[in-house]
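# Tertiary structure, described
So the chains spell out like this:
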Amino acid sequence: MNVLENIGFPEHPVLFGGVDIGHKSDTTAVTFVYRDPRNGHYFLWDYKTWVPTKQKEADLIDVENTLFRVLENHNVAKLLFDPSQFATTNQKLRSAGYKHKLVEVNQQTENVAFMNCLKTHLVQGTVSGIVTGDFRAHFKYANVRATERGWRVEKRRQSRPIDLVISTGMALWSCTEASGTYTTGNFTESRHCRSLASAA
């Protein structure tokens, strides 16, 4: 895919994003997902990676521009990120009025929660989307280790990127945490609920 743009999914979905900012020699990844209230299914809306080279670090200015473009033009409810590598961009987004959409998370402590959520969706088949070889490669290079708290993702080899696994797990976890399903004889979520994010 090109820059993060809607590629034909339902009009005006409420998006939840995850950002995994890489170190100087590491890949940066951004993923956005949404949930269809008509059937409760989750969809990969779009994603993008920035890959550094030996001569040049990942272009964080382009990362910022991409985030601003999505926030300005689409219904983004939450954007999760680890503040340890996101301080400058975080400040710029807050100054632009997006403070209420930003959620700081610690990847070291929340990794298990992200991966438990991602694993559950993959096993149950409740998430779909158009993926490329690049996306599949990140999942191929990821190992999942069972811990007392649950599943934790790790790299198979230190030189291989798994950043899309992290950003997708963050986005899905946020979307899942924010989603509720209400159904009675006279009330269904898909017909009678409207997200405050989309109503703004």
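Residues numbered from 1 in each chain as written. Predicted model: local features only at pLDDT ≥ 70, side-chain atom pairs only at ≥ 80, totals over all residues. Heavy atoms only, no water.

Attention shifts here to the packing of helix α3 (residues 107–124) against helix α5 (residues 163–178). Where α3 contacts α5, the two axes come as close as 8 Å, and the packing angle between them is 75°. In terms of axis orientation, α3 runs roughly perpendicular to α5. Here α3 contributes Gln107, Glu110, Asn111, Ala113, Phe114, Met115, Cys117, Leu118 and His121 to the contact with α5, which in turn contributes Val165, Ile166, Thr168, Gly169, Met170, Leu172, Trp173 and Thr176. Of the residues in the contact of α3 with α5, the class split is 10 nonpolar, six polar and one charged. (Axes fitted to C-alpha atoms, helices over the stretch in contact; angles between N-to-C directions. Helix = DSSP H or I, 4+ residues; strand = E, 2+ residues; numbered from the N terminus. Parallel < 35°, antiparallel > 145°, perpendicular 65-115°, else oblique. Contact = heavy atoms within 4.5 Å. Nonpolar A, V, L, I, M, F, W, Y, C, P; charged D, E, K, R; others polar.)

Here we take up the sheet that holds strand β1 (residues 15–20). Spatially, six strands are ordered β5-β4-β1-β2-β3-β6 in an open sheet, and the strand pairing comes out mixed. Only two strands of the sheet have a single partner each, and these edge strands are β5 (102–104) and β6 (127–128). Relative to β6, strand β3 (residues 41–50) runs parallel, the two sharing two bridges. Residue pairing across strands places Tyr42 opposite Val127, the latter belonging to β6. Lying on the sheet, α5 is in contact with β1, β2 (28–36), β3, β4 (76–81) and β6; it crosses β2 at an angle near 30°. (Pairing = 2+ DSSP bridges.)

Ranked by size, the top nonpolar core spans 23 residues in total, and within it Phe16, Val33, Phe114, Met170 and Leu172 carry the most contacts. Of all the elements, α5 adds the most residues to this core, at seven residues. Counting 21 residues, the second largest nonpolar core, distinct from the first, contains Leu15, Val63, Leu71 and Leu102. (Core = buried A, V, L, I, M, F, W, Y, C linked by side-chain atoms within 4.5 Å. Buried < 20%, exposed > 50% of the residue type's maximum accessible area, 1.4 Å probe, protein only.)

What follows deals with the packing of aromatic side chains. The description of an aromatic ring pair uses the distance of the two centres, along with the angle that the planes make with each other. For the structure on display, the rule yields five aromatic pairs. Note on Tyr34 and Phe43: the rings are 5.4 Å apart at their centroids and 20° apart in plane angle, and the pair reads as stacked. Here the aromatic rings of Phe114 and Trp173 are separated by 5.3 Å at their centres, their planes lie at 65°, and the arrangement is edge-to-face. One end of the pair, Phe114, is in helix α3; the other, Trp173, is in helix α5, with 59 residues separating them in the sequence. A relative accessible area of 21% places Trp173 in the partly exposed class. (Phe/Tyr/Trp six-rings, centres within 6.5 Å; stacked < 30°, edge-to-face > 60°.)

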